[in-house]
Every structure is written in structure tokens, then in C-alpha cells.
Amino acid sequence: EPVVLRKEGFLRGGEDRFQKATWRIFEHGSALVDAENITLKDDFGASQEVCEGGLNIAVFEQTQRPVWNEDENRFEQGWTNITSNFSGVNGVADAGDNGFDTTIEWSNFDFDPTKNYQFQYTNCLTTDGIPDSETEFGNNAVFNGAELKATTKSPGFTQDKSGRLN
């Protein structure tokens, strides 16, 4: 099913322990078929910056078959990493920057007008420790002239204890 241009974000768990946010922009191939390039600008909101090592953008194409994720050592449904087809996606911002502005280009690649595409990048949070569940992180992107906003929150933590006497 064709996606409508949108942006979403989530705080990463695991070893990143809610100290990084991943942002995804989705667009349908029919909107990209005639594009000569893609301009992408993002101004990070409060308490966010580019992580050590700089910022890279990964590009994915939706597929119908499970795809092997080399990093996670497992099959995942639906998205194939096609980043190697593009320039303007690596090192688009330096550590500590509060956003980026890039032009994504390609030469030997054609967007499929029947498929969905995802543009993904991760930034770091500058909060100390795990943010509380009321802390909201947001940023504003401009994707080929269309303004996109997204926010995400920490999932929060609950304490619950129960027991019984023997």
C-alpha cells in the first residue's frame, strides 16, 4: 500500500539506553520517480545533537520478502538497505551539530513507482541519564520542500512489586 509522506521517531533501547533517537521519513516511489535529487534538511529540537562520528542517512526500499539483517543476525520483514546507490548520505553533519542540510543524489538507480522508501538517521540526546516519560523530543525536517514534524517520548518506567506471605 502506498505510504503518504510522513516522519516518525523513536528512542532507541538496548545498549543506547534511550540516549539516541532514530528518525524515519517515508515516501512513495511514485513521488520520487521524476526527482533529479532529494533535498533533506532537519533542525533538531532541544536536547539533541549529532552523535560522535557524524551523521549518516540510510535509505531503504520496501520489499515483500524477508531480508537478512547482517547487523542484527536475523531476518526482518520488508525493507532492503539500498544506501550504496546514493551520494549525499554519509557524513552530512559533524558531531555536536544541531541539524543538517544535504542533497541526496544517484546515478545508476531508478525509484520503483510501486514501492515505498524510507530515509533513516539517528541523533544523540544530551539529557543526563534516561529521560523521564514526560520529556518530549522533536525536530522539523524539510523533505523536497515539504515540512515534516515528528516527536517521540521516553517510554517511561513503572515500579511494581507484589508478594504474599507463606
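Conventions used here
- For every chain, the first residue of its written sequence is number 1, and the numbers climb from 1 along that sequence.
- Local features are withheld for residues below a pLDDT of 70 in this predicted model, meaning they are given only at 70 or higher, and side-chain atom pairs are given and counted only at 80 or more; totals for whole chains, interfaces and linings count all residues.
- With hydrogens and water stripped out, all remaining heavy atoms of the structure feed into the side-chain values.
- Any pair of Phe, Tyr and Trp rings, taking the six-membered ring for Trp, is counted once the centres come within 6.5 Å. Such a pair is stacked with planes under 30 degrees apart, edge-to-face with planes over 60 apart, and tilted for the rest.
- Comment: elements are numbered from the N terminus, with helices defined as DSSP H or I runs of at least four residues and strands as E runs of at least two.
- Per-residue accessibility, obtained with a 1.4 Å probe over protein chains only, is compared with the maximum for each type, and a residue is labelled buried under 20%, exposed over 50%, and partly exposed between these values.
- Note on pairing: two strands pair once DSSP finds at least 2 bridges between them.
- Salt bridges are counted wherever a side-chain nitrogen of Lys or Arg sits within 4 Å of a carboxyl oxygen of Asp or Glu.

Engineer: It is not clear to me how the packing of aromatic side chains should be interpreted in this structure. Could you clarify?
Structural biologist: We describe a pair of aromatic rings using the distance from one ring centre to the other and the angle between the two ring planes. In total, this model carries 10 aromatic pairs according to the counting rule given. Relative to Trp-79, the ring of Phe-26 lies with its centre 5.9 Å away and its plane at 55 degrees, an arrangement referred to as tilted. Remark: Trp-79 occurs in strand β6 (residues 74–81) and Phe-26 occurs in strand β2 (residues 20–28); sequence separation between them is 53 residues. For Phe-26, a relative accessible area of 5% puts it in the buried group.

Engineer: It is not clear to me how the sheet that holds strand β7 (residues 86–87) should be interpreted in this structure. Could you clarify?
Structural biologist: Sheet strands pair by backbone hydrogen bonding; their relative direction is either parallel or antiparallel. In spatial order, the strands read β7-β8-β3-β10-β11; together these 5 strands make up an open sheet with antiparallel pairing. Edge positions in the sheet fall to β7 and β11 (146–153), since each has one partner strand and no second. Sheet topology note: the β7/strand β8 (residues 99–106) ladder contains 2 bridges and is antiparallel. Looking at the pairing, Phe-86 lines up with Trp-106 of β8.

Engineer: Explanation requested: the pattern of salt bridges in the structure shown.
Structural biologist: Oppositely charged side chains can pair when the atoms bearing their charge come close. With the rule as written, the count across this model stands at 4 salt bridges. In this structure, Glu-8 and Arg-24 form a salt bridge, with 3.9 Å as the shortest nitrogen-oxygen distance. Here Glu-8, found in strand β1 (residues 6–11), pairs with Arg-24, found in strand β2; they are 16 residues apart in sequence, far enough to count as distant. Relative accessible area serves as the criterion here: at 24%, Arg-24 is assigned to the partly exposed category. Close ionic contact of Lys-115 with Glu-61 constitutes a salt bridge, the shortest N to O distance being 3.7 Å. Of the two residues, Lys-115 sits in the loop between β8 and β9 (116–125) while Glu-61 sits in strand β5 (residues 58–69), which places them 54 residues apart along the sequence. A relative accessible area of 26% means that Lys-115 is categorised as partly exposed. Where salt bridges share partners, they join Arg-6, Glu-8 and Arg-24 into one cluster.

Engineer: How should I be thinking about the pairing of strand β10 (residues 136–143) in this particular structure?
Structural biologist: Along a regular strand, successive side chains alternate from one face of the sheet to the other. Covered by surrounding structure in β10 are Phe-137, Asn-139, Ala-141 and Phe-143 only, the residues Glu-136, Gly-138, Asn-140 and Val-142 on the alternate face being uncovered. Pairing geometry for β10 and β11, over 8 bridges, is antiparallel. Counterpart to Phe-137 in the pairing with β11 is Thr-152. In textbook terms, the turn of a hairpin is the stretch between consecutive antiparallel strands, and for β10 and β11 this stretch comprises 2 residues, one of which, Asn-144, has a positive phi near 50 degrees.

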